[in-house]
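Coordinate inspection notes
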Amino acid sequence: MRRFYRSTREKQLSGVLGGLSERYGIDVSILRIVTVLSGFFTSGITWLIYLIAAIVMPTDKQLD
C-alpha cells in the first residue's frame, strides 16, 4: 500500500505537494499553482490543511 509522505527531493516549503506529485504523477508546479489559487478562494482553508499535513505527514526518508 502506498502511503502519503513529504518529499525531500521536490521540496519548496515542507515537501507536501512534492510528495503528492510523486504519488500521483502530477507536475508539482501545477499542484503549487492550484494550491495558491484555491487558498484565495477558500479564505485560507487550503493553507490550513497544508500546514496540518506538513506537521502530520512523515518524510520519504522516515518511511524507508
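That block above? That's the structure.
Let me begin by describing the structure that accompanies this report. This is a predicted model, so every value here is computed, not measured. (Residues numbered from 1 in each chain as written. Predicted model: local features only at pLDDT ≥ 70, side-chain atom pairs only at ≥ 80, totals over all residues. Heavy atoms only, no water.)

Some points on the nonpolar core
To be explicit about the condition: We define the nonpolar core as a collection of buried residues of types Ala, Val, Leu, Ile, Met, Phe, Trp, Tyr and Cys that are connected through side-chain atoms lying within 4.5 Å of one another. Exposure categories follow from relative accessible area, calculated using a 1.4 Å probe and restricted to protein chains: below 20% of the type maximum is buried, above 50% is exposed, and the middle band is partly exposed. Numbering goes from the N terminus for both helices and strands, where a helix is a DSSP run of H or I of at least four residues and a strand is a run of E of at least two. Two residues form a contact once any of their heavy atoms are found within 4.5 Å.
Within the largest apolar cluster, eight residues are counted, these being Val16, Leu17, Val28, Leu31, Tyr50, Ala53, Ala54 and Met57. No other element matches helix 3 (residues 45-56), which puts three residues into this core. Here alanine 54 is in contact with Arg6, Ser14 and Val16, once residues within four sequence places are set aside.

Observations regarding the packing of aromatic side chains
As a reminder, the rule being used: To pair, rings of Phe, Tyr and Trp, with the six-membered ring standing in for Trp, must have centres within 6.5 Å; the planes then decide the type, stacked if under 30 degrees apart, edge-to-face if over 60, and tilted in the middle. Here, a charge over a ring means that NZ of Lys or CZ of Arg falls within 6 Å of the ring centre while also lying within 35 degrees of the ring normal.
For the structure shown, the criterion picks out two aromatic pairs. Seen in terms of ring centroids, phenylalanine 4 and tyrosine 24 are 6.3 Å apart; in terms of plane orientation they differ by 55°. Their pairing is tilted. With phenylalanine 4 in the segment before helix 1 (16-24) and tyrosine 24 in helix 1, the pair connects residues that are 20 residues apart, well separated along the chain. With centroids separated by 5.3 Å and ring planes inclined at 85°, the aromatic side chains of phenylalanine 40 and tryptophan 47 adopt a geometry described as edge-to-face. Judged by relative accessible area, phenylalanine 40 falls into the exposed class, the value being 59%. A cation sits over an aromatic face here: arginine 23 above phenylalanine 4, 4.5 Å from the ring centre.

Some remarks on the side chain of threonine 59
Locating threonine 59 in the fold gives a position in the loop between helix 3 and helix 4 (60-63). Judged by its relative accessible area of 15%, threonine 59 falls in the buried class. When sequence neighbours within four positions are dropped, the list of residues in contact with threonine 59 reads Tyr5, Arg6 and Thr8.

Keep in mind these values describe shape, not function.
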